[in-house]
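A closer look at the structure
What follows is each chain in one-letter form.
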Amino acid sequence: MKNQLKKSLSLLLTLVMVLSLLPTAALAATTITPTTPAGSGTSADPYRIGTAEELYGFAAIVNGGDTDAHAILTADITVNENVLSYYVLNGTEEDFVAWDPMNLYDGIFDGRGHTISGLFISYTESNQYDHCGFIEELRGIVRDLTITDSYFRVCYGYYSSSGGVATATANRNIGGICGKLDATGTVWQCHFDGVIDADQGTSTGGFKIGGIVGYNFGGTIKECSLSGRVDGKAGGSDSGVGGIVGVSSGGTVTRCCTNAPVTNVTAPSAAKNGQASVGGIVGHLSGGTVTDSYTSYNSGSIWGYGYVGGIVGSAQGCDLQRCWNHRALFYLEDDYQEDTYIYMGGILGHAGGTNTSNVIKNCYNHGTIYPWWRSTEENPYTGAGIVGNYDDSKGATLSISYCHNMGKYVGDRLYNNASDTYNPIVTADKGTISNCYYKIDNNEVGERDEVENTVAYQLKDFENGTVVNLLNDQPLFDNQNYWEQGEESPELVARPEIVPIRLEILTHPTKTEYTAGEDFDPTGMVVQMHYSDGSVLPVVGYTVSGGECMLNTVKSVAIYYTDNGVTLHTDESVTVTGENPTYKVTVNLQGTGGGTYTVGSRVTIKARSVNNAQFVGWNGLADVKIIQGSVTSQSVTFIMPKKNVTATPIYGEVKSIAVTKEPKKTVYYEGEDFDPTGMVVTAYAITIPIPPATKGEKVELPITNYTVTNGTDLEAGQTSVTIRH
């Protein structure tokens, strides 16, 4: 585990300032005081969040009614330290500052690749929240965000405050990023590394539990992943537990990955409330698509009862394409269950619905299926490598094509009764099956059902390209094959990385005509990014170049946005008329560079040298934009502002320096470099009187030309960095 360091300001001596670094264990936060972050919440000027205090302040803004405020993260944020130890809660509820989620969010929250660490939520039956997550209900966009070392617990307790059993029809949606994702919402490139622990308890309502989203009501989830674990206790037709999504009604899930164990064991009251669903990606899918998503090697297994699937637990209408499962599936014994059917599938546990279409194409399973010993005459087991069970009694259809299974079945009571069945592709001769293949297993239990258009091949055929050629006997996808030969078996061809390709102004700003000297106003402008997969997303926090104090020669301003290291720009046309404004520069004490200048032009001034006197800096330049030199440089160049400027050279001696504003980053890992962002260093000087002045005075000047020593590759046990001027 990396060592952490904490910094604080120390005593200043002459011109050397020492910044001490203390172990984080010496400081423990017990409360967080919300502060309003910089910014106004617009797309051009989003709130800029860099501390835990600002994160809580932004949540308060949203919960106060400004639900469409935009925000970006400017730094990694730690709310609580060491919340988890090996994905187990590392303490009690009293040890952590609780996260107060944003209730309803319509804006854009752009993590900019940063991490929020140490969120803690614990709800019981006394908390009547319908949704739980970093955000409770999302109608906007959350993108490029990682939440780590976090613990979300929701329990509708087994007992009421009066001591009796608490029963209700509570419905809860629990997810790492959001509890509920509405049809207008998008979660893109988000990752949750922590624990979701949700217990339906005695409620007969539905619990939808997912590592990223609890309930997806038609939204878009793309390039998201789960690490840690998801533990659910939920049952009933309205419930589901999934690595990415608990229950999805419509919408899309694409390019997502589960790297964590996913478990669902029913709560007592829910045992009488129908089957439970658990899936590596989605627990229960009611319409919608899941594409290019998978469960990874060596990342835990999928445990559950009822409907258990490597990708989707159960579906009432689905389109599953280019998905694969490497995870083992386990039936989890539950004494509360009675009259339970056990349906386990490497891709999909159970397919059904009323007049629904269920499509599985170009998918494969390598996960082993363990039905355990649960199979009885009343509780038969059905399982298969691709689809565990298919019910067409209400008009549902099933199509499986271009799939293969190399997963094994392990169990000693498969054929306990006539209802027990297992097939390498799908249980029973139902649905439309084509171009599907499975590996012959020498350790089979009993004889497998022969399903039309499923063909057995030996391991060597999976290794030498024979099966790959059969799977590729179909039209190309994006001008390439679906399948390629892996080391031991056919694998799906990796889809190209999604990259930004074009920045576009969707809606032009309200104001397009300006008088010379005005600044560009982005109010009303909507900027969006186009991506290589055809996706389009609005962006916030873009930068405008050439928009300050525009002259009558300006025809356009440039809009820039950086996305995952790629910077693109587009131009917005403007009309600027009128005379260009001019202002006066006065340089005192016989300095040079004074005169009349057009706003926006470059101005260079220089202080004269004085015998027996040291130049210290300038008075009067604190609020101008310096582009060369600094306020302590004898020669300095700045951009002419929309006002007169009077610059006075200061001669004397710098007596000391001090940090008058601490840097934003306060916690460092071993090997990191000191980050001075946000730090203000001030020089304190005594001036020498230059005629017509008759006496010196004390002055304070902000300086930027300091140096930092011992600030690179910080070591464990290091206690200071040194700042010199």
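Our subject is the structure that appears above.
As the structure is a computational prediction, the values presented were derived from the model and not from experiment. One numbering rule holds for all chains: residues counted from 1, following each sequence as written. It should be noted that, the model being predicted, local features are given only for residues of pLDDT at least 70 and side-chain atom pairs only at 80 or more, the latter also being counted only at that level, while totals for whole chains, interfaces and linings use all residues. Only heavy atoms go into the side-chain values, all of them from the structure, while hydrogens and water stay out.

**Quick word on the sheet that holds strand β62 (residues 602-606)**
In plain terms, the rule: Paired strands, in this sense, are two strands between which DSSP finds at least two bridges. By the criteria applied, helices consist of DSSP H or I runs no shorter than four residues and strands consist of E runs no shorter than two, each listed in order from the N terminus. Fitting a line to C-alpha atoms yields each axis, with helices limited to the stretch in contact; the angle taken between N-to-C directions then spans 0 to 180 degrees.
The three strands lie next to each other as β62-β65-β64, forming an open sheet whose pairing is antiparallel. The open sheet has two free edges, formed respectively by β62 and β64 (625-628), since each of these has just one partner strand. In this sheet, neighbouring strand axes are inclined to one another by 40 degrees on average, regardless of whether the strands run parallel or antiparallel. When β64 meets strand β65 (residues 635-639), the two strands line up antiparallel, connected through three bridges.

**A closer look at the sheet that holds strand β28 (residues 282-286)**
Strand order across the open sheet formed by nine strands is β8-β13-β16-β19-β23-β28-β33-β38-β43, with parallel pairing between neighbours. Both edges of this open sheet fall to β8 (102-105) and β43 (387-390), since each of them pairs with a single strand only. The mean angle between the axes of side-by-side strands here comes to 10 degrees, regardless of whether they run parallel or antiparallel. Note: strand β19 (residues 213-216) against strand β23 (residues 245-249), three bridges, orientation parallel. In the strand pairing of β23, V213 is matched with V245.

**Quick word on the packing of aromatic side chains**
In plain terms, the rule: For this analysis, a ring pair means two rings from Phe, Tyr or Trp (six-membered ring only for Trp) whose centres lie within 6.5 Å, classed as stacked if their planes differ by under 30 degrees, edge-to-face if by over 60, and tilted for the remaining angles. Whether a residue is buried, partly exposed or exposed follows from its accessible area with a 1.4 Å probe, protein chains only, as a fraction of its type maximum: under 20%, in between, or over 50%, in that order.
With the rule as written, the count across this model stands at 22 aromatic pairs. Taking the centre distance of 4.5 Å and the plane angle of 5 degrees together, the rings of F330 and Y370 count as stacked. Of this pair, F330 sits in strand β36 (residues 329-331) while Y370 sits in strand β41 (residues 369-370), placing them 40 residues apart in sequence. A residue is classified by how much of its surface remains accessible, and Y370, at 22% relative accessible area, is partly exposed. Measuring from centroid to centroid gives 5.8 Å for F615 and W618, while their planes differ by 65 degrees, and the two rings are edge-to-face.

**A look at unusual backbone geometry**
The backbone of N435 sits at a positive phi, close to 50 degrees, despite the residue not being glycine. Inspection of the secondary structure assignment puts N435 in the loop between β47 (432-434) and β48 (436-439). By relative accessible area, which is 23% here, N435 ends up partly exposed. The phi angle at L589 is positive, at roughly 55 degrees, despite the residue not being glycine. Along the chain, L589 turns up in the loop between β60 (582-587) and β61 (595-598).

**Quick look at the pattern of salt bridges**
Heads up, the condition is: Counted as salt bridges are all cases of a side-chain nitrogen of Lys or Arg within 4 Å of a carboxyl oxygen of Asp or Glu.
By the definition in use, this model includes 14 salt bridges. With a closest N to O distance of 3.5 Å, R139 and D182 form a salt bridge. One end of the pair, R139, is in the loop between β13 (135-138) and β14 (141-155); the other, D182, is in the loop between β16 (178-181) and β17 (186-199), with 43 residues separating them in the sequence. Of the charged contacts, one joins E518 and K511 as a salt bridge, the two residues approaching to 3.0 Å between their closest N and O atoms. By relative accessible area, which is 27% here, E518 ends up partly exposed. Take K511: its relative accessible area is 29%, and that puts it in the partly exposed class. If you follow the salt bridges from partner to partner, you end up with E137, R139, K180 and D182 in one network.

**Things to note about the pairing of strand β11 (residues 120-123)**
In β11, alternate side chains face the same way, and those of F120 and S122 on one face and I121 and Y123 on the other are all buried. The pairing of β11 with β14 spans four bridges and is parallel. Residue pairing for β14: S122 is matched across the bridge by R153.

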